[in-house]
Amino acid sequence: KNNYFFNINNLNNLNFVIYLSKILKLKLNKVFEVVEKFKGLDYRQQLIYKNKKYLIINDSKSTSFSSSINLLKSYQNIYWIVGGQYKKGDRFILEKKFYNQIKGYIYGKNKNFFVKNFKNKIQIKNFNQILDCLKQIQKDVKKDNNFPITILFSPSAASFDQFLNFEKRGIYFNQCIKKTNFISNINAR
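Residues numbered from 1 in each chain as written. Predicted model: local features only at pLDDT ≥ 70, side-chain atom pairs only at ≥ 80, totals over all residues. Heavy atoms only, no water.

### A closer look at the pairing of strand S3 (residues 78-83)
Rules: Exposure classes here rest on a 1.4 Å probe applied to the protein chains alone. A residue is buried below 20% of its type maximum, exposed above 50%, and partly exposed in between. What counts as a helix is a DSSP run of H or I of at least four residues, what counts as a strand is a run of E of at least two, and both are numbered from the N terminus. A pair of strands is treated as paired once DSSP finds two or more bridges between them.
Most of S3 is tucked away, with 6 of its 6 residues classed as buried. The side-chain alternation of S3 yields two buried faces, one formed by Ile-78, Trp-80 and Val-82 and the other by Tyr-79, Ile-81 and Gly-83. With 6 bridges joining them, S3 and strand S4 (residues 102-107) adopt parallel strand pairing. Note that in S4 the partner of Gly-83 across the bridge is Tyr-107. Inspection of the sheet shows S3 paired to strand S6 (residues 149-153) by 4 bridges, in the parallel sense. In the sheet register, Ile-78 faces S6, and the bridge partner there is Thr-150.

Pasting the structure below:
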């Protein structure tokens, strides 16, 4: 029942824990008791909000495409906020079947890198700041009746173009959610 384990990455982690617990002959009911109470790290697939219509995830710790791919495979109707200082040689490799469920909201100084990687793959819009992405997403989700909707902040790049580190970037994202009354605004339709 723990929402933290509703994506491919964390299900793989859970499978590993179960495998190890069997080797160590731990009681599975005790393992699941702990798993139910488990809370992930802030800014690493951090669940910000969830109801029947919307899911908001802060994955500021994501610093490469490979760290975002399994999240993109785990959810549908994704409004993906992506941007920052890209890593040289990083490439967006995702099966074509997932393209139509992702809308990209690119922010930051390195927009051209992301545009080039997403060309002919996913719908994209460009912005300067994370806050600008969120304001546009608020408008866009009001026109979207394909629920559930996932708002995914998974930058797939380092934070150094605009932030001291991924923690500061994650804090800023959460502050933007509050500052724009994002949750009440998307629910008020």
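Next comes the rest of the description.
### Let's talk about the state of the cysteines
As used in these notes, a disulfide is a covalent bond between sulfur atoms, one from each of two cysteines. For clarity, the threshold we go by: Counting rule for disulfides: a pair of cysteine sulfur atoms within 2.5 Å.
Here the structure, examined in full by the defined rule, presents 0 disulfides. We note that Cys-176 lacks a disulfide partner, and the nearest cysteine sulfur, in Cys-133, lies 9.6 Å from it.

### Some thoughts on the environment of Ser-156
With respect to the secondary-structure elements, Ser-156 resides in the loop between S6 and helix H6 (166-179). Residue Ser-156 is classed as buried on the basis of its relative accessible area of 0%. For the pair Ser-156 and Lys-96, spaced 60 residues apart in sequence, the C-alpha to C-alpha distance is 19 Å.

### Section: the side chain of Ser-159
As a reminder, the rule being used: In this analysis, two residues are considered to be in contact whenever any of their non-hydrogen atoms come within 4.5 Å of each other.
One can find Ser-159 in the loop between S6 and H6. Taking relative accessible area as the criterion, Ser-159 reaches 3% and is therefore assigned buried. When residues no more than four places from it in sequence are discounted, the contact partners of Ser-159 are Leu-164, Asn-165, Phe-166 and Arg-169.

### Some thoughts on unusual backbone geometry
Look at the link from Phe-147 to Pro-148: it is a cis peptide, with omega at -5 degrees. Within the secondary structure layout, Pro-148 lies in the loop between helix H5 (130-141) and S6. The phi dihedral of Asn-77 falls on the positive side, at around 45 degrees, and the residue is not glycine.

### Quick look at a nonpolar patch on the surface
Heads up, the condition is: Put simply, a patch holds well-exposed residues, over 30% relative accessible area, that have no salt bridge, with like charges counted together within 9 Å and Val, Leu, Ile, Met, Phe, Trp or Tyr side chains within 5 Å. A 1.4 Å probe and the Shrake-Rupley method give the accessible areas. Residues count as covered only by the protein chains that appear here. Every case where a carboxyl oxygen of Asp or Glu lies within 4 Å of a side-chain nitrogen of Lys or Arg is listed as a salt bridge.
Taken together, the side chains of Phe-16, Tyr-19, Leu-20, Ile-23, Leu-24 and Leu-26 present a nonpolar region at the surface, about 640 Å² in accessible area. Looking at the element boundaries, Tyr-19 is found in helix H1 (residues 8-23). When its relative accessible area of 53% is taken as the criterion, Tyr-19 is described as exposed.

### Some words on the packing of H1 against helix H2 (residues 28-37)
Inclusion rule: All axes are obtained by fitting lines to C-alpha atoms, using only the stretch in contact for helices, and the reported angles, taken between N-to-C directions, cover 0 to 180 degrees. For classification, angles of less than 35 degrees are called roughly parallel, those exceeding 145 degrees roughly antiparallel, those between 65 and 115 degrees roughly perpendicular, and all remaining angles oblique. In this scheme, a crossing is called left-handed if the near helix is turned counterclockwise away from the far one by less than a right angle; it is called right-handed if the turn is clockwise. For this classification, the nonpolar set comprises Ala, Val, Leu, Ile, Met, Phe, Trp, Tyr, Cys and Pro, the charged set comprises Asp, Glu, Lys and Arg, and every other residue, Gly included, is treated as polar.
For the pair H1 and H2, the least separation of the axes is 10 Å and the interaxial angle reads 150 degrees. In terms of orientation, H1 lies roughly antiparallel with respect to H2. Two packed elements cross with a definite hand, and for H1 against H2 that hand is right-handed. When H1 is examined against H2, the residues Leu-14, Val-17, Ile-18, Ser-21 and Lys-22 are found in contact with a partner set consisting of Leu-28, Val-31, Phe-32 and Val-35. Counted by class, the contact of H1 with H2 contains 7 nonpolar, 1 polar and 1 charged residues.

### A few points about the sheet that holds S6
Taken together, the 6 strands give an open sheet; going across it, the order is S1-S2-S6-S3-S4-S5, and neighbouring strands pair in mixed fashion. The two strands at the open ends of the sheet, each matched to only one other strand, are strand S1 (46-50) and strand S5 (123-126). Adjacent strand axes in the sheet meet at a mean angle of 20 degrees when their direction is disregarded. Set on the sheet, helix H4 (residues 111-118) makes contact with S3, S4 and S5; between it and S4 the angle comes to about 160 degrees. Across the sheet, H5 is in contact with strand S2 (54-58), S3, S4, S5 and S6; its angle to S4 comes to roughly 150 degrees.

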